[in-house]
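An overview of the molecular structure
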Amino acid sequence: MTQHTDLPSDLLPTTVREFLAAHVARDADTASSFLVEDAVVVDQDETFRGREEAHAFLRDAGTEFEYTTEQIGARRVDDAHWVVTVRLEGTFPGGVAELDYRFALRDGLVAELVIANHPV
């Protein structure tokens, strides 16, 4: 049975915390260092395969907008799967978005990251 729990960010795996901190700071080099070589990143149905493609996505995503990011939720699905919900507010269309960052970890690194709208 899958266990869902709300967690404070300090109880998330270090890899997830540090990846998100680098991503929020728009530091694609550091964020990419937390990805396995064959990582898969999916953002709004667009898929990036491998660390190099994922790095380009992390470097370029949202650069045309100004926005703030706030973590509003986190949960453990199992030992390898974690979900962090963030709220973005900024100059992008709609001005506000809540997104789930669904992490799958392998060997202490991010093997897969799916970024999708948080269900209402």
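See the structure shown above.
These numbers were taken from a predicted model, which means no experiment stands behind them. Note on numbering: residues in each chain are counted from 1, in written sequence order. Thresholds applied to this predicted model are a pLDDT of at least 70 for local features of residues and 80 or more for the giving and counting of side-chain atom pairs; totals over whole chains, interfaces and linings are not thresholded and use all residues. Only hydrogens and water are set aside when side-chain values are computed; all heavy atoms of the structure are taken into account.

**Quick word on the sheet that holds strand β2 (residues 46-49)**
Read across the sheet, 6 strands follow the order β2-β1-β6-β5-β4-β3 without closing on themselves; strand pairing throughout is mixed. The open sheet has two free edges, formed respectively by β2 and β3 (67-78), since each of these has just one partner strand. Neighbour to neighbour, the strand axes of the sheet diverge by 15 degrees on average, direction disregarded. Where helix α1 (residues 14-24) meets the sheet, its contacts fall on β1 (35-43), β3, β4 (81-90), β5 (96-106) and β6 (109-117), and the angle it forms with β5 comes to roughly 140 degrees. Two residues qualify as a contact provided that any one of their heavy atoms is within 4.5 Å of a heavy atom in the partner residue. A fitted line through C-alpha atoms represents every axis, and for helices the fit uses only the stretch in contact; the resulting angles, taken between N-to-C directions, go from 0 to 180 degrees. Note on conventions: DSSP H or I runs of at least 4 residues are helices, E runs of at least 2 residues are strands, and numbering of each starts at the N terminus. Each of β1, β2 and β6 is contacted by helix α3 (residues 50-60), which is oriented at about 45 degrees to β1, the strand it contacts most. Between any two strands, pairing holds if DSSP finds at least two bridges.

**Quick look at α3**
The cut-offs for exposure are 20% and 50% of the maximum accessible area for each residue type, with area from a 1.4 Å probe on protein chains only; residues under the lower value are buried, those over the upper are exposed, and the others partly exposed. Inspection of α3 places Gly50, Ala54, His55, Phe57 and Leu58 among the buried residues, and these make up the whole buried set. Buried residues in α3, looked at end-on, bunch into an arc of 165 degrees, giving them a common side. Tucked inside the fold, the buried residues of α3 contact α1, α2 (28-32), β1, β2 and β6. One or two positions beyond α3, positive phi appears at Gly62, with a value near 75 degrees. As used here, the arc is the angular range of directions from the helix axis to the C-beta atoms.

**A word on the pattern of salt bridges**
Salt bridges are defined by distance alone: a side-chain nitrogen of Lys or Arg within 4 Å of a carboxyl oxygen of Asp or Glu. Tallied over the entire structure, the rule returns 7 salt bridges. Note that Glu37 and Arg51 form a salt bridge whose closest N and O atoms lie 3.1 Å from each other. One end of the pair, Glu37, is in strand β1; the other, Arg51, is in helix α3, with 14 residues separating them in the sequence. Arg51 sits in the partly exposed class, given a relative accessible area of 26%.

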